[in-house]
Amino acid sequence: KTILGKTKVIDGDTIKINKKKIRLFGIDAPERKQICKKKYANFLIFNFQKNYKCGEVSTLALMKKLKDKEVKCVLEKNKDKYKRNIGTCYINNLDINKWLVKNGYAIAYKRYSKKYVLDEQYAKKNKLGIWRGAFIEPEKWRRIMN
C-alpha cells in the first residue's frame, strides 16, 4: 500500500500525509527534545564539546528536505505499537529514510532492519550530523527520559 501527498513533519523519523502518521521504517532519529554534544575546538590533547539540540536539527533537516514536495510512502504490512503506519518514503527516487541516516540525522534502527547499516557507517566514518560528537541512541534516551 502507498500513500502520496504533501507532508507535515512530526519529528526526525515521523511524518503525516493526509492525516495518517507514518513512522519511517528502519531508522531512529534523536527525539525532539534530545540534546547531543559536538566538538567545537581541539587544543593539544583536549577536545571541547558543546551541547546542541540534535533532535531539533534532525526535525528541521527533514522539514527542509520535504518542504512543498510530493512524497510517496510505501507502507509495511504491520503498524508500530502506537498504531502508526511504518513506511519507506521517497521524493522521486530518493529514499528519505536512507538520506536521513547517510547524513547523520538518524541512525539505523538495527533491531528492526539492517537496511541502513552501511549508510550509518558512511555517516559515522565521515563524521556527519550526530556523528560529529557524542550522543545517546534515541531508543536509550527515550528509556532514560520516561
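A quick note: this is a predicted structure, and the numbers were derived from the prediction, not measured.

**Comments concerning the side chain of R84**
Tracing the backbone through its elements, the reader meets R84 in the loop between β8 (71–79) and β9 (85–91). A polar side-chain atom of R84 sits 3.3 Å from a polar atom in the side chain of T14.

**Looking at the pattern of salt bridges**
Summed over the entire model, instances satisfying the criterion amount to ten salt bridges. Of the charged contacts, one joins D68 and K67 as a salt bridge, the two residues approaching to 3.9 Å between their closest N and O atoms. The class of D68 is exposed, set by a relative accessible area of 60%. E120 is paired through a salt bridge with K110; the nearest N and O atoms lie 2.9 Å apart. Taken together, the residues E120 in helix α3 (residues 117–125) and K110 in the loop between β11 (107–108) and α3 connect sequence positions ten residues apart. The buried category is assigned to E120, whose relative accessible area is 9%.

**Remarks on the packing of aromatic side chains**
Between two aromatic rings, the relevant description is the distance of the centres plus the angle of the planes. Summed over the entire model, instances satisfying the criterion amount to three aromatic pairs. Each ring, one from W131 and one from F135, has its centre 4.9 Å from the other, and the planes form 85°; the classification is edge-to-face. Positioned above the aromatic ring of Y52, the side-chain terminus of K38 is 4.7 Å from the ring centre. A cation over an aromatic ring shows up here: K102 above the ring of Y122, its NZ or CZ 4.9 Å from the ring centre.

**With respect to the environment of K33**
Here K33 shows up in the loop between β5 (27–28) and β6 (36–43). For K33, a relative accessible area of 72% puts it in the exposed group. Spatially, the C-alpha atom of K33 lies 22 Å from that of K102, the residues being 69 residues apart in sequence.

**A word on the nonpolar core**
Counting residues in hydrophobic clusters, the biggest one holds 24 residues, and the most contacted among them are I15 and V71. A total of four residues in this core trace back to one element, the largest contributor, which is helix α2 (residues 96–102). If you look at the next biggest cluster of nonpolar residues, it comprises seven residues, including Y52, C54, I130 and W131.

The rules behind these values
Residues numbered from 1 in each chain as written. Predicted model: local features only at pLDDT ≥ 70, side-chain atom pairs only at ≥ 80, totals over all residues. Heavy atoms only, no water. Helix = DSSP H or I, 4+ residues; strand = E, 2+ residues; numbered from the N terminus. Polar contact = N/O pair within 3.5 Å; in protein donor to acceptor, adjacent residues only side chain to side chain. Salt bridge = Lys/Arg side-chain N within 4 Å of Asp/Glu carboxyl O. Buried < 20%, exposed > 50% of the residue type's maximum accessible area, 1.4 Å probe, protein only. Phe/Tyr/Trp six-rings, centres within 6.5 Å; stacked < 30°, edge-to-face > 60°. Lys NZ or Arg CZ within 6 Å of the ring centre and 35° of its normal. Core = buried A, V, L, I, M, F, W, Y, C linked by side-chain atoms within 4.5 Å.

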